[in-house]
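Coordinate inspection notes
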Amino acid sequence: MEDRQLENKRQALRQLQELGVLMRSGHYDYGNGYHGRAYLNPHQLFLHPSTIWRIAQDLLACLPGALLERTEVVAGPATGGALLAHTMAGLLDGRRALSHPPCSFAPFTHADEGLVLREFYARHLAGKRVLLADDVRNTGKTFQRCAELVQQAGGTVLATVEICDRLEAVASLDVPNYTLAEYEAPENHPAAACPMCRAGEPITTF
């Protein structure tokens, strides 16, 4: 079983590279205080809607049935994580009986103070069991911030899930983490000590 899971992750990694979703050379600002060489391009996920649908279906297939049954809300940070979470929430309902309460969605959005949760969505998270989804786990700090916002709203985080795990998280939650693919990318650097910035290499933009 473990060998099959590893092969599935290798195959998923190849597919992400072929689709141009996983980019492995550049100077990327992750928006969380760190820079690095690898980036999961959310714009490539948007380009063909079928791409994110297929990836979301594969991610749901990785998750335990008991976790899916307990999930009431799928939430993710803008932009790629929110798109993934929205798609997963819809597909999750497609697996359930019509009598099952519908799964909700909540996006975390960017503001001057960092990620925030709008009051409208915060009200809907109170007392709910939440699955956090993102396109990539770099440092783990984005998931950490999202979990804080869920808890402040009165919700409970069940697990985290991402398309690609860079295997270099510096922050983790006390819940299971699931991933479609694993890629041990080059080291992340704090923005203030980024060697690419010191060398004058511009930030890669799209």
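Residues numbered from 1 in each chain as written. Predicted model: local features only at pLDDT ≥ 70, side-chain atom pairs only at ≥ 80, totals over all residues. Heavy atoms only, no water.

An order of β7-β6-β5-β8-β9-β10 is seen for the six strands of this open sheet, with the pairing classed as mixed. Edge positions in the open sheet fall to β7 (114–116) and β10 (177–182), since each of these has one partner strand only. Adjacent strand axes in the sheet meet at a mean angle of 20° when their direction is disregarded. Summarising the sheet, strand β5 (residues 73–77) and strand β8 (residues 129–137) pair through three bridges and their orientation is parallel. In the strand pairing of β8, Val-74 is matched with Leu-131. Helix-sheet contacts for helix α3 (residues 49–62) involve β9 (156–165) and β10, and the interaxial angle to β10 is about 130°. (Pairing = 2+ DSSP bridges. Helix = DSSP H or I, 4+ residues; strand = E, 2+ residues; numbered from the N terminus. Axes fitted to C-alpha atoms, helices over the stretch in contact; angles between N-to-C directions. Contact = heavy atoms within 4.5 Å.)

Across all of its chains, the model carries three aromatic pairs by this definition. When the centroid spacing of 6.4 Å and the interplanar angle of 75° are considered together, the rings of Phe-105 and Tyr-121 count as edge-to-face. Taken together, the residues Phe-105 in strand β6 (residues 104–111) and Tyr-121 in helix α6 (residues 119–125) connect sequence positions 16 residues apart. A ring pair is formed by Phe-120 and Tyr-121, whose centres lie 5.1 Å apart and whose planes are at 90°; its orientation type is edge-to-face. In textbook terms, an aromatic cluster arises when at least three aromatic residues are bridged by ring pairs, as seen for Phe-105, Phe-120 and Tyr-121. (Phe/Tyr/Trp six-rings, centres within 6.5 Å; stacked < 30°, edge-to-face > 60°.)

This paragraph deals with the side chain of Asp-165. Relative to the assigned elements, Asp-165 resides in strand β9. Residue classification places Asp-165 among the buried positions, given a relative accessible area of 3%. In contact with Asp-165, not counting residues within four places along its chain, are Arg-137, Asn-177, Thr-179, Ala-181, Glu-182 and Tyr-183. (Buried < 20%, exposed > 50% of the residue type's maximum accessible area, 1.4 Å probe, protein only.)

This next bit is on the environment of Tyr-121. Note on Tyr-121: relative accessible area 24%, which makes it partly exposed. C-alpha of Tyr-121 to C-alpha of Ala-199: the two residues are 78 residues apart in sequence and 42 Å apart in space. When near neighbours in sequence (up to four residues on either side) are disregarded, Tyr-121 contacts Phe-105, Ala-106 and Pro-107.

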